[in-house]
Amino acid sequence: DDPPGARLPTRAQIAQPLVDALTARHTSLRRSVFVALDGRSGAGKSTLAAVLADEFRSQGITVTVIEGDDFYAGGTAECCDERSQAENADHVIDWRRQHQVLDDLRLRGNASWYPFNWEAPDWNSDRVPLRSTPMSMTSADIVILEGAYSARPGLHDVLDIRILLDTPPEQR
């Protein structure tokens, strides 16, 4: 237990060891570092990505954050319920498009893709609704792909570091 009046560490303080490790990796590689932040829904992936991005930017380190939800592959809840966990892992997120984006960022320095359209009236169907305008990003010192299944084996060849956030269900 903390003594009365003790201050809890800030998010930035909690993330600092990871910031230091990724900065050191960038310095040693002398190129962009590609990082996956993986974990279940509500594990804190987006929050950690935002904290990391703020910390890197405050140190003059460029960062690009890619939201894994942009690559949702659609499908009804009933369809997901009928598949095995392994099948869902392969079908829920279009990891092949993620791979292409990461590869483009690594090789060309920029990438574009059409994100999933969460506002489409038929988003929960077997047809994958994508937005009509593409999302474009440029590479940076640190490139973060945050989202469920972002550290999957099919992406290992385009990732330098894979981080799994294992948050207890009662905190998620």
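Residues numbered from 1 in each chain as written. Predicted model: local features only at pLDDT ≥ 70, side-chain atom pairs only at ≥ 80, totals over all residues. Heavy atoms only, no water.

Caption draft 1: Expanded view of the sheet that holds strand E1 (residues 33-39). Taken together, the four strands give an open sheet; going across it, the order is E2-E5-E1-E6, and neighbouring strands pair in parallel fashion. Strands at the two margins of the open sheet, each flanked by one partner only, are strand E2 (63-67) and strand E6 (161-165). Across the sheet, the axes of successive neighbouring strands diverge by a mean angle of 20°, strand direction being ignored. Alignment of E1 against strand E5 (residues 142-146), held across five bridges, turns out to be parallel. Its bridge partner lying in E5, valine 35 is registered against isoleucine 144. The strands that helix H5 (residues 95-107) touches are E1, E2 and E5; relative to E5, the one it contacts most, it runs at about 175°. (Pairing = 2+ DSSP bridges. Helix = DSSP H or I, 4+ residues; strand = E, 2+ residues; numbered from the N terminus. Axes fitted to C-alpha atoms, helices over the stretch in contact; angles between N-to-C directions. Contact = heavy atoms within 4.5 Å.)

Caption draft 2: Structural detail: the pairing of E5. A large share of E5 lies buried, amounting to five of its five residues. Neither face of E5 is open: one carries Ile142, Ile144 and Glu146, the other Val143 and Leu145, and all of them are buried. Examined bridge by bridge, E2 and E5 share five bridges and lie parallel to one another. Paired with valine 63 across the bridge in E5 is isoleucine 142. (Buried < 20%, exposed > 50% of the residue type's maximum accessible area, 1.4 Å probe, protein only.)

Caption draft 3: Geometry of a nonpolar patch on the surface. A surface patch of nonpolar side chains, amounting to about 240 Å² of accessible area, comprises Tyr114, Val128 and Leu130. Assignment of secondary structure puts valine 128 in the loop between strand E3 (110-113) and strand E4 (135-138). (Patch = residues over 30% accessible without salt bridge, like charges linked within 9 Å, V, L, I, M, F, W, Y side chains within 5 Å. Areas by Shrake-Rupley, 256 points an atom, 1.4 Å probe, with all protein chains shown as cover. Salt bridge = Lys/Arg side-chain N within 4 Å of Asp/Glu carboxyl O.)

Caption draft 4: Representation of the pattern of salt bridges. The tally for this structure, following the rule as stated, stands at four salt bridges. Note that aspartate 160 is salt-bridged to arginine 31, the shortest N-O span being 2.8 Å. Taken together, the positions of aspartate 160 in the loop between E5 and E6 and arginine 31 in the loop between helix H1 (11-29) and E1 put the pair 129 residues apart, joining distant regions of the chain. Look at aspartate 160 and you get buried, because its relative accessible area is 16%. Classification of arginine 31 as partly exposed rests on a relative accessible area of 33%. The partner of arginine 97 in a salt bridge is aspartate 94, and the shortest N-O contact between them spans 3.2 Å. A relative accessible area of 22% means that arginine 97 is categorised as partly exposed. If you follow the salt bridges from partner to partner, you end up with Arg31, Arg106 and Asp160 in one network.

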